[in-house]
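This is what each chain is made of:
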Amino acid sequence: MVPVETPSRRLSSGLHAEMRFAGAGGWQLVVDGTPQSHVDPERPELLVYEYVQQIGHVIDALPPGPLTAVHLGAGALTLPRYVDATRPGSRQQVIELEPLLVELVREVAPLPRGASVRVRYGDAREQLGRLPAGLRGSADLVVVDVFSGSQTPAHVTTVEFHALVRDLLAPDGVVVVNIADDRTLAFAKRQLAALHEVHGEVAALADPGMLKGRRFGNVVAVAGAALPDLDAIGRTLRRDPLPGKVVSGAELRRFLGGALPARDADATPSPAPGRGVFG
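These lines cover the structure that appears in this document, whether it is placed above or below.

Basis of the calculations
Residues numbered from 1 in each chain as written. Predicted model: local features only at pLDDT ≥ 70, side-chain atom pairs only at ≥ 80, totals over all residues. Heavy atoms only, no water. Pairing = 2+ DSSP bridges. Helix = DSSP H or I, 4+ residues; strand = E, 2+ residues; numbered from the N terminus. Axes fitted to C-alpha atoms, helices over the stretch in contact; angles between N-to-C directions. Contact = heavy atoms within 4.5 Å. Buried < 20%, exposed > 50% of the residue type's maximum accessible area, 1.4 Å probe, protein only. Polar contact = N/O pair within 3.5 Å; in protein donor to acceptor, adjacent residues only side chain to side chain. Phe/Tyr/Trp six-rings, centres within 6.5 Å; stacked < 30°, edge-to-face > 60°. Lys NZ or Arg CZ within 6 Å of the ring centre and 35° of its normal. Arc of directions from axis to C-beta.

## Description of the sheet that holds strand β11 (residues 217–224)
Strand pairing within a sheet occurs via backbone hydrogen bonds; the two strands may be parallel or antiparallel.
Phase 1 of the analysis: If you trace the eight strands from one edge of the open sheet to the other, you get β7-β6-β5-β8-β9-β11-β10-β12, paired in mixed fashion. Either end of the sheet is taken by a strand with one partner, and the two such strands are β7 (117–121) and β12 (245–247). In this sheet, neighbouring strand axes are inclined to one another by 20 degrees on average, regardless of whether the strands run parallel or antiparallel.
Phase 2 of the analysis: Set on the sheet, helix α5 (residues 159–166) makes contact with β5 (68–72), β8 (139–144) and β9 (169–181); between it and β9 the angle comes to about 145 degrees.
Phase 3 of the analysis: Relative to β9, helix α6 (residues 186–199) is tilted by about 170 degrees, and along the sheet it contacts β9, β10 (201–206) and β11.

Okay, here's the thing in structure tokens:
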């Protein structure tokens, strides 16, 4: 049965959030006309969006067993559900600026009973310094997927910000960043350069058309002192409905082309998607 109503909230930012029924039990979180997340509470292993599938491949490539994970940006809590379903016993922290957004998501798609997922409210960067001391140096995974409407704020893209994220990571932990950019890829290159400066090891995941500047889209960055098996991730990406690739090492350096890392003094928000991108 198709729901008669579309649950919605007016967020503190003034943006309008709604959960749209997507068929077959799934829901799409849309904020001011921009699709943010897809979730199916009955099938938490289902990842629909291309970039979320790519992040899922990184999670799957981490060593087996429960994870300690921190998610900056809640969306529809899609990835915390995925980690809970595929890595039983994981403990997770979510940081989200908008309590009403989480309230809306949980009204339609409650978290599973017994899931160890704690939600904290506030600005992602500010809240990093307020997380429990026991998390520092123990996170296997940090996911950075922060948006205000259709754009990522500048202050969560910089060398200084990523240095704070690095402090959370276990020695073999990784940070995964969703980067939305236009055809110039200038924003993505500056974030990748910032991650390289902070972590040393970094790779980019995306479909080849995106990496060649053919469309607005997403690049998933993976960084850390040591990265998971990129060859295995690459093989999985090639089997996706929209096949992707991994760019690392010398190929990534050529892709960056001398781009300067984003810093607090000169960072910019991600480009706004043009009209019709999500049509």
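Still more ground to cover, so stick around.
## Re the side chain of Ser37
Phase 1 of the analysis: Along the polypeptide, Ser37 turns up in strand β4 (residues 34–39).
Phase 2 of the analysis: According to the relative accessible area criterion, Ser37 is buried, its value standing at 9%.
Phase 3 of the analysis: Within the structure, the side chain of Ser37 is placed 3.2 Å from the backbone nitrogen of Ala76, a separation counted as a polar contact.
Phase 4 of the analysis: Setting aside chain neighbours within four positions, we find Ser37 in contact with Trp27, Gln28, Leu29, Tyr49, Gly75, Ala76 and Thr78.

## Topic: the packing of aromatic side chains
Phase 1 of the analysis: If you walk through the whole model with that rule in mind, you get two aromatic pairs.
Phase 2 of the analysis: Between Phe21 and Trp27, the aromatic rings sit 5.4 Å apart at their centres with planes inclined by 75 degrees, giving edge-to-face as the arrangement.
Phase 3 of the analysis: With centroids separated by 6.5 Å and ring planes inclined at 50 degrees, the aromatic side chains of Tyr49 and Tyr51 adopt a geometry described as tilted. With respect to class, Tyr49 is no different from Tyr51; both count as buried.
Phase 4 of the analysis: For the cation-ring pair, Lys189 lies above Phe255, with the distance from its terminal atom to the ring centre recorded as 5.1 Å.

## Focus: α5
Phase 1 of the analysis: Every buried residue of α5 is listed here: Val159, Phe161, His162 and Val165. Projected down its long axis, α5 shows its buried positions confined to an angular sector of 155 degrees, all on one face.
Phase 2 of the analysis: Close packing links the buried residues of α5 with β5, α4 (124–128), β8, β9 and α6.

## Side note on the pairing of strand β2 (residues 16–23)
Regular strands place their side chains on alternate faces of the sheet.
Phase 1 of the analysis: For strand β1 (residues 8–10) and β2, the ladder comprises three bridges, and the chain directions are antiparallel. Counted as the bridge partner of Arg10 is His16 from β2.
Phase 2 of the analysis: Taking the residues between adjacent antiparallel strands as the criterion, β1 and β2 are bridged by five residues, where Gly14 takes a positive phi near 95 degrees.
Phase 3 of the analysis: Pairing analysis gives six bridges linking β2 to strand β3 (residues 26–31), with the strands arranged antiparallel. Across the sheet, residue Arg20 finds its bridge partner in β3, namely Gln28.

Coordinates in, geometry out; function isn't part of it.
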